[in-house]
Amino acid sequence: MATPGKRKADSDVGHSKKTALDLEEPGCGKRGSLLPPPSRAMLSGFVEGSIVRITMENFLTYDTCEVIPGPNLNMIVGANGTGKSSIVCAICLGLAGKPSFIGRVDKVGFYVKRGCAKGSIEIELFKTSGNVIITREIDVLKNQSSWFIDKKSATQKAVEEQVAALNIQVGNLCQFLPQDKVGEFAKLSRVELLEATEKSIGPPEMHKFHCELKNYREKEKHLQIACKEKSDYLEKLKQTNERHKQDVERYYECKRHLDLIEMLEAKRPWVEYENVRQQYEEVKQNREQMKEELKKLKETQGPLTQKIQEYERQRRQLDNQVRIKNNDIRDTSCKCKEKQDALERREKQIEEAKHAFRVKRDEEDNRLQRISNTRKMIDDWQSEIESIGSCENLQPQIDSLNEDLKQVHEEKSAIDVEINERLKEIENLKKDKETITARIVCLDNLLNQREEKLRMRYRDTHDAVMWLRKNKQRFKKTVFEPIVLMIHVKDYKNAKYIENHIPSNDLRSFVFESQEDMEYFLKEMRDNHKLKVNAVCIPSIVYANRVPTRSLNDLKKYGLFSYLRELFDAPQFVMSYLCYQHHVHDVPVGTEKTRAIIEQVIHETKLKQIYTAQEKYVVKTSIYSNDIISSNTHLKTAQFLTFTVNVQERRQLEDQDKEIIKKFQTLDIELTVFREKIKHLEHRDNEFRNKKKDLQDRKTKKNQLEQKIGSKLDSLKLIEHRTYNLEEEEQKTNAKIKEINAQKAKLVSELLKLIKTCTMLNVRKVDLVLELATEGYEKNKLEREYKTTISNLRQLEQQYNVFGEKKRRLLEKCKELMKKARHVCNLGPDQSIPQEYQTAFQDLPNTVEEIDSLLAEEKTRASCFTGLNASVVEDYKKRAQEIQQLTEELELKTNELDNYRQTISKVKERWLNPLKNLVEQINEKFGSFFSSMQCAGEVDLHTENEEDYDKYGIRIRVKFRSSTQLHELTSSHQSGGERSVSTMLYLMALQELNRCPFRVVDEINQGMDPANERRVFEMVVNTACKETTSQYFLITPKLLQNLTYSEKMTVLFVYNGPCMLEPKKYNLKAFLRRRRRIGVSRMDQ
């Protein structure tokens, strides 16, 4: 039942519309929509929490409307736009649901009818103790709601508690599935689906037990970690004490060594004192003996001194005589040296005379040889001149060759000019090519930016693109990468129109020319690579060049400047698909001018879609009233296509690049030809130059030879005039040598006399030296004896003084050691050594060396005990106490952990067994429904680890073709129709097990093929109309013919149109009276 209502179209259109709901029950005919509130008798069959009545005022499409559903299946039927989903929104928002549960807008104020400041929803829920009426008033300006329970003001929390008490969960997709959330059901994770199912059909304690298990499991993990940490720490302490146990023992052993060291250090000063005292007595005795020896030694020194003085006087006399003889020998030696030098000079003069003669003889031989060589050279040059012949005819030949060379140079210059022009042209082409290449790279970088954006947002699609680029050979026909990479917007400012018009799923779809290729690609991506990708197949007819329904010239007056197709470039097949699927060839784009006159544009152009500068307008015509309904949305900012690439420019650049390459090739060929010509001319030039050089060489060579011959004849005359008389020169040389030899004989006679005198002087000197040596020896012997005596005397004096000093030091040291020994033993000046020290000293060594050796040994042993102190023992005792305390705490934690595990085991048994039974029942129903459709479906409880209760989930697996395997229901693997069928059958499987008071499913049959839709409808009717099931709302815009209906179902029709009565004029009683009269009159007839 429903009261008639009305709604107005968007304010931009300005035409009013009216709507109404009528109720028809199969087998009962039509009833009026204004009925009195349902009585108690009429409420039989309702379960606790079922919806008895829904009243809406100024809500979405309705001014006022009242809906009275039945207790079982309620099917709400009406055309698109009449207000079916408005009833779903009212149920959700009226029962404290959030706008996000519906999936439309996020503010509740948007659900109030446009132009109204307030709206309200009132829902009456069945309750055996008395129905509950929940009212929600919505304030648009404040975007706030006021709540009432049974007409009394209440808080939202109180309403939520009341709704929860009746087990109503509008946020649970297993109970409440609005139109915009149908697709999200397949996106539910296994865990989310299990939670939704528990809340929907499980006993109230089931979800509670599940939550407790998750909490218990979390606490168990914490306890396990705490026990492990304490156990590890306890073990660490035990190991530490075990390691330090030896240190404690070493500490006590070290202390024993230190005590012995202390006693040794106490005895050592006494031993030292005794040793020093004995040394003092010994030194005192030795000093007295040395005093007597000194006295005897001083008495023997006088006679030795007199003998030494006598020997010294004789030695001086002999020394003077030796010095006189040395002077005589020196004078005689100098005279001998002078005679020897004179002899050497005479010998040198003889050698110089002989050498001068040899030089003159050699010069004469060389002169004769040069004369012979010069004459031979002159003869050879005269023979060469005769062989050259006459040179009178060479100049004409040289002039002819000069002319040929000039001609060759002119030809080379002309070719060089041509080559330079070609090189300049090549350099210019290189610069042009670099500019073009840089521009192409820049354009390619823009494409790479778009590809990187795709990788960041849709990683699966990007991975599929990479795979396709490597495996294109696997496909029979053309495969295009995602449309977003194929489209190139001519102006980046227009990118927002393209991205707002083409859905995101299509923008990242791969485009296939072959259906077979597309199926292979999807199977490869989804099954083998587990990638979520989209793919489309191009239409069989080419749509890329389709003509718009309206000429653009006719639309320019409205500010419409282009169709979408003209704003971008794309391959022909991609453009064909976009024209076919999204009509880009027939959707115009306008400016702010278009926005200003949008109502005029809509009514005059009859366009279905229009873009202005910032908005998109969608225009529909009502199938009932033919009125125009328009809606507008704000354009979103473009994300991908802002990286625009001018494809025409890139193609032009590529063409220019190819043209430059062709020019390069042509110029290379021309340069090769020119270089060959240059090479040929250079060869000719070399030939002419060689010929010219030969002629010039012949001409100049004869003149050079004649000049050389003249020069050599002159030098020959000079050589012939220079001559020596060798016989005369030889006689002069022999006479000079004879004279020098006579001088040498005289010098030798004088030298022999001097040598004899020198020998006699040396003999006398030797005798004197021997006497001097004898005297010196005797004197030295006495001096040594005297020095020995003096040395011994001094040594004895030093020793005497040393013993005296040593005696003094030993006396002081005795006093110091006595004082030190008493101080070490803490004794006063008059106290004797205590008995305990005497007893201990008896067991210790009696020498300093033995004490020092033992002391060093003990110190070495004590030094081995490094790092030990009294705190080691103290820490050892503290750790022992801490080990005992930790052992007790670990035992308590272990007992607590065991208790938790027992509790978990009990709660798990109370939760898991009923859950498994529940899932088995769902699986049985779900599998039965699928079997009736010649398909297969399974529902099971899935988990990776039995102890991870937060990872338990329900897995739905289906297959719609016998040739395939069961696949898990996901948002990417199955088609939209398959997901709808699976979702509907799962909800139907829950229906008989359901403990929730009602279930709402909005337009889930959209996308189903007729056969599946008919089967699913029959299952819904059979399941929802049983005695044990709860209330069910099924919203649909259309129905198939000849469907099976049940008498227990309620059908609510939603009408709209300009001929509908105002709600206040709709009198149900008058309508019933009239209906009875018409029925009676027909019976009479």
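With an unreviewed UniProt entry as reference, the protein is termed Structural maintenance of chromosomes protein 5, source organism Sarcophilus harrisii. Turning to the protein, the UniProt record has this under Sequence similarities (unreviewed entry): "Belongs to the SMC family. SMC5 subfamily." UniProt annotates the protein under Subunit (unreviewed entry) with the comment "Forms a heterodimer with smc6. Component of the SMC5-SMC6 complex which consists at least of smc5, smc6, nsmce2, nsmce1 and nsmce4a."

Caption draft 1: Quick look at unusual backbone geometry. Although it is not a glycine, N143 sits at a positive phi angle of roughly 55°. The backbone of N167 shows a phi angle near 60°, a positive value even though the residue is not glycine.

Caption draft 2: Seen up close, the sheet that holds strand β15 (residues 534-537). With respect to topology, three strands assemble into an open sheet ordered β12-β14-β15, the strand pairing being mixed. The sheet is open, and its two borders are formed by β12 (479-480) and β15, each paired with just one other strand. Here helix α13 (residues 515-528) sits on the sheet and contacts β14 (509-512) and β15; the angle it forms with β15, its principal contact strand, is near 170°.

Caption draft 3: Examining the sheet that holds strand β8 (residues 132-139) more closely. Spatially, the six strands line up as an open sheet ordered β5-β4-β7-β8-β9-β10, and their pairing is antiparallel. In this open sheet, the two strands that pair with only one neighbour each are β5 (62-67) and β10 (152-154). This sheet shows a mean twist of 20° between the axes of neighbouring strands, independent of strand direction. Where helix α3 (residues 156-165) meets the sheet, it contacts β8, β9 (144-149) and β10, and its direction lies at approximately 55° from that of β9.

Caption draft 4: Quick peek at the UniProt feature "coiled-coil region" (unreviewed entry) in the protein. UniProt feature "coiled-coil region" (unreviewed entry): in the numbering of this structure it lies at residues 227-363, 391-439, 678-746, 779-813 and 873-910. Between the C-alpha atoms that bound residues 779-813 there is a distance of 49 Å. The span itself is 100% helix and 0% strand. Between the end C-alpha atoms of residues 873-910 the distance is 56 Å, and the span holds 100% helix and 0% strand.

Caption draft 5: Up close: the environment of K906. Mapped onto the secondary structure, K906 falls in helix α22 (residues 870-932). Look at K906 and you get exposed, because its relative accessible area is 56%. C-alpha separation for the pair K906 and L213, spaced 693 residues apart in sequence, amounts to 9.9 Å.

Caption draft 6: Summary view of the pattern of salt bridges. Counted by the stated rule, this structure contains 24 salt bridges. For K113, the salt bridge identified is with D63, shortest N-O distance 2.4 Å. Of this pair, K113 sits in the loop between α2 (99-102) and β7 (118-125) while D63 sits in strand β5, placing them 50 residues apart in sequence. One exposure class covers both K113 and D63, and it is buried. Its salt-bridge partner being E805, residue R808 comes within 2.0 Å of it at the nearest N-O pair. Highlighted residues: R808 and E805, both in helix α19 (residues 726-824), separated by three residues, approximately one helical turn. Among the residues examined, E805 registers a relative accessible area of 32% and is labelled partly exposed.

Caption draft 7: Geometry of the nonpolar core. Ranked by size, the top nonpolar core spans 50 residues in total, and within it I487, I498, F521, L564 and L578 carry the most contacts. Listed by contribution, the elements that provide at least two residues to this core are α9 (459-470), β12, α10 (483-486), α11 (495-501), β14, α13, β15 and α15 (572-582). Ignoring any residue separated from it by four or fewer positions in sequence, one finds I498 in contact with I487, V489, L564, L567, F568 and L641. L193, Y952, F1017 and C1025 belong to the second largest nonpolar core, which has 48 residues in total.

Caption draft 8: Up close: a positive patch on the surface. A contiguous patch of positive charge, built from K1069, R1073, R1074, R1076 and R1077, is present on the exposed surface. Residue classification places R1076 among the exposed residues on the basis of a relative accessible area of 54%.

Caption draft 9: Representation of the pairing of strand β6 (residues 73-78) within the structure. Most of β6 is tucked away: six of the six residues are buried. As defined by bridge partners, β6 adjoins strand β26 (residues 1031-1036) across five bridges and the pair is classed as parallel. Of the residues in β26, the one forming a bridge with M75 is L1034. Bridge count between β6 and strand β27 (residues 1050-1056): five bridges; the pairing is parallel. Counted as the bridge partner of V77 is F1053 from β27.

Caption draft 10: Inspection of the packing of aromatic side chains at higher detail. Applying the stated criterion to the full structure yields 13 aromatic pairs. Ring centres 6.1 Å apart and planes at 85° place the aromatic pair W467 and F475 in the edge-to-face group. W467 sits in the buried class, given a relative accessible area of 12%. When the centroid spacing of 6.3 Å and the interplanar angle of 55° are considered together, the rings of F475 and F521 count as tilted. With a gap of 46 residues between them, F475 in the loop between α9 and β12 and F521 in helix α13 connect regions that are remote in the sequence. Each of the two residues, F475 as well as F521, counts as buried. Every member of this aromatic cluster is reached through a ring pair, and the members are W467, F475, F510, F512, Y520 and F521.

Caption draft 11: Structural detail: the side chain of D940. Structurally, the position occupied by D940 is in strand β22 (residues 936-942). One polar contact links D940 to R955, side chain to side chain, over a distance of 2.8 Å. If we skip the residues at most four places from it in the chain, D940 touches V919, G953, I954 and R955.

Caption draft 12: Geometry of the environment of Q285. Inspection of the secondary structure assignment puts Q285 in helix α6 (residues 204-299). With 518 residues separating them along the chain, Q285 and F803 place their C-alpha atoms 9.5 Å apart.

Caption draft 13: The arrangement of α3 in detail. Of all the residues in α3, the buried ones are V159, Q162 and V163. Looking down the long axis of α3, one finds its buried residues gathered within 95° of arc, a one-sided arrangement. In α3, the exposed positions that point more than 90 degrees away from the buried face belong to K157, A164 and A165. If you follow the buried residues of α3, they end up packed against β8 and β9.

Scoring rules and cut-offs
- Residues numbered from 1 in each chain as written.
- Predicted model: local features only at pLDDT ≥ 70, side-chain atom pairs only at ≥ 80, totals over all residues.
- Heavy atoms only, no water.
- UniProt positions renumbered as here; feature names shortened; annotations may be inferred.
- Pairing = 2+ DSSP bridges.
- Helix = DSSP H or I, 4+ residues; strand = E, 2+ residues; numbered from the N terminus.
- Contact = heavy atoms within 4.5 Å.
- Axes fitted to C-alpha atoms, helices over the stretch in contact; angles between N-to-C directions.
- Buried < 20%, exposed > 50% of the residue type's maximum accessible area, 1.4 Å probe, protein only.
- Salt bridge = Lys/Arg side-chain N within 4 Å of Asp/Glu carboxyl O.
- Core = buried A, V, L, I, M, F, W, Y, C linked by side-chain atoms within 4.5 Å.
- Patch = residues over 30% accessible without salt bridge, like charges linked within 9 Å, V, L, I, M, F, W, Y side chains within 5 Å.
- Areas by Shrake-Rupley, 256 points an atom, 1.4 Å probe, with all protein chains shown as cover.
- Lys, Arg positive; Asp, Glu negative; His and termini not counted.
- Charge placed at Lys NZ, Arg CZ, Asp CG, Glu CD.
- Phe/Tyr/Trp six-rings, centres within 6.5 Å; stacked < 30°, edge-to-face > 60°.
- Polar contact = N/O pair within 3.5 Å; in protein donor to acceptor, adjacent residues only side chain to side chain.
- Arc of directions from axis to C-beta.

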